[in-house]
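Chains, contacts and geometry: an overview
For reference, the chains in residue letters:
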Amino acid sequence: MTTMLTDFWYPVAHSADVVAAGEALPRRLLGHDLAVFRPARGAAARVLGAFCPHRGAHLGHGRVVDGCVECPYHGWRFDGAGRCTAVPGEARPARAQAPAFPTRESQGLVWTCVGDVARAPAPPLLPALDDRSLRAFDVEMVVESGFDWWVENIIDVSHVRFVHGQSYGEASYAGKFSVERSADGLGFRARARLAQDMNLVARLLHGWAPARSTMEVTLEHHMPGITVFDSDQGGGRRQVLAFLCTPEDATHTRMFAYVLRNYLKWVPGGDAIGRLFAARIFREDLALARTVLAPSYLDAPQPLVSVAADEPTLEFQRLLRLWRERQGQNQSQTEGRSHGLARAER
Ligand code: FES
Ligand SMILES: [Fe+2]
């Protein structure tokens, strides 16, 4: 269902949502339940395994008290390294410890890695997110869709005219991308000149775009789940769509989506209307996701046939396969080493 690529950093929360005086945040990454919290104002966010070693309550539903996350069940406290620091009315059991995962904060997001962090490439910096000439709104949501399918759906532009035809316009976004691979296998870039045919609502939301136009689009994908569309929509209008996807488990994906533009920057309510429009688009994708018969293309139950418009998605599949194989090789090397060690110790 989902390619569980563990040796990567993934965003799990907006930094602004991880506040020192307040609640921890429950999150999931690759099947691991996590508690995200900030020990003190200005301190780095921390990520612990959420399973409380006392009775298995979820630490992500606890409060932050004195720099620790406090379990919501019996109040045991755990610091940012996962050490139990207090048990109400009793001595601390020496073995009480929650796993702590590495954490970094970048571009307003908290990132963590539940695999081999020494192998994990640094998360990419997305210049558009720091570009002061662009106005942004964001949408964070958990979708009931496997990661592979959801990311591929984002990369797949040829579905827009069909699935989102009612929202955008019947013949929106027709065109083909030419793909440039990156040598390190960490992503690809694709460019296209797309014909764009928008209905009235879409035209208004794109700064009164013409009903019919062409736009230059650059798609950049960073493995595993970050896709950025940078489009020159003509007339000096630039729009950037950035999607950062995190595999929660085999059937759920958390998505941080940003819509940035240099038009409609000061229209009252513009962001709110844009958010509603984006939510409608995602609902259209989700309705489709619930019915697909190949929720992961790498393990599709029958052979799939592709055409030229599928080039970017085929490249994404190639990279998923590549990193899945690399991860498998790394794991068998590690297992081989630990077997060798066990033999040597006997
Ligand atoms: S389950 Fe966490 S303190 Fe008891
Ligand atoms: Fe879509």
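What you are looking at is a predicted structure, and each value in this text was computed from that prediction instead of being measured. (Residues numbered from 1 in each chain as written. Chains lettered and ligands numbered in written order. Predicted model: local features only at pLDDT ≥ 70, side-chain atom pairs only at ≥ 80, totals over all residues.)

This part takes up the overall build of the chain. Helix and strand counts for the chain stand at six helices and 18 strands. Its C-alpha atoms give the chain principal-axis dimensions of about 70 × 50 × 35 Å. Within the chain, contacts between residues at least 6 apart in sequence are counted, and of these 57% link residues at least 24 apart. (Helix = DSSP H or I, 4+ residues; strand = E, 2+ residues; numbered from the N terminus. Contact = placed C-beta atoms within 7 Å.)

Pairing in this open sheet of four strands is antiparallel, and the strands run 5-6-7-8 from one edge to the other. If you trace the sheet from one side to the other, it starts and ends with strand 5 (63-65) and strand 8 (84-86), each paired once. Here two bridges tie strand 6 (residues 68-70) to strand 7 (residues 77-78), and the two strands are oriented antiparallel to one another. Residue pairing for strand 7: Val69 is matched across the bridge by Phe78. (Pairing = 2+ DSSP bridges.)

Annotation of the chain at the domain level lists domain 1 (10-112) and domain 2 (127-323). The gap between the C-alpha centroids of domain 1 and domain 2 is 33 Å. Contacts between the two partners involve 10 residues from domain 1, matched on the other side by nine residues from domain 2. Split by residue class, the side of domain 1 that touches domain 2 holds six nonpolar, three polar and one charged. (Domains from an automatic or database assignment. Nonpolar A, V, L, I, M, F, W, Y, C, P; charged D, E, K, R; others polar.)

With respect to the helices and strands, the residue Arg212 is situated in strand 15 (residues 212-222). Along the chain, Arg212 and Gly89 lie 123 residues apart, while their C-alpha atoms are 71 Å from each other.

In this structure, Val12, Ala35, Val36, Leu48, Leu59 and Val69 are the most contacted members of the largest nonpolar core, which totals 71 residues. Two domains share this core, each providing at least three of its residues, namely domain 1 (10-112) and domain 2 (127-323). Sequence-distant contacts of Ala35, that is, excluding residues within four places in its chain, are made with Ala24, Pro26, Leu48, Ala50, Leu59, Gly60, Gly62 and Val69. Among the nonpolar cores identified, the runner-up in size contains five residues, and Val157, Val160, Met198 and Ala209 belong to it. (Core = buried A, V, L, I, M, F, W, Y, C linked by C-beta atoms within 7 Å. Buried ≥ 20, exposed ≤ 12 C-beta atoms within 10 Å, placed from the backbone.)

Before going further, it helps to examine the sheet that holds strand 3 (residues 32-37). Pairing in this open sheet of four strands is antiparallel, and the strands run 2-3-4-9 from one edge to the other. Edge positions in the open sheet fall to strand 2 (25-29) and strand 9 (100-101), since each of these has one partner strand only. As paired elements, strand 3 and strand 4 (residues 46-49) share four bridges and run antiparallel to each other. Residue Phe37 lies in a different strand from strand 4, and its bridge partner there is Arg46.

A few words on unusual backbone geometry. Residues Met223 and Pro224 are joined by a peptide bond in cis, for which omega reads -5°. Tracing the backbone through its elements, the reader meets Pro224 in the loop between strand 15 and strand 16 (226-232). The phi dihedral of Leu30 falls on the positive side, at around 50°, and the residue is not glycine. Backbone geometry at Leu264 places phi at a positive 45°, although glycine is not the residue there. For Leu264, the location among the structural elements is in the loop between strand 18 (252-261) and helix 5 (270-289). We classify Leu264 as partly exposed; it has 18 C-beta atoms within 10 Å.

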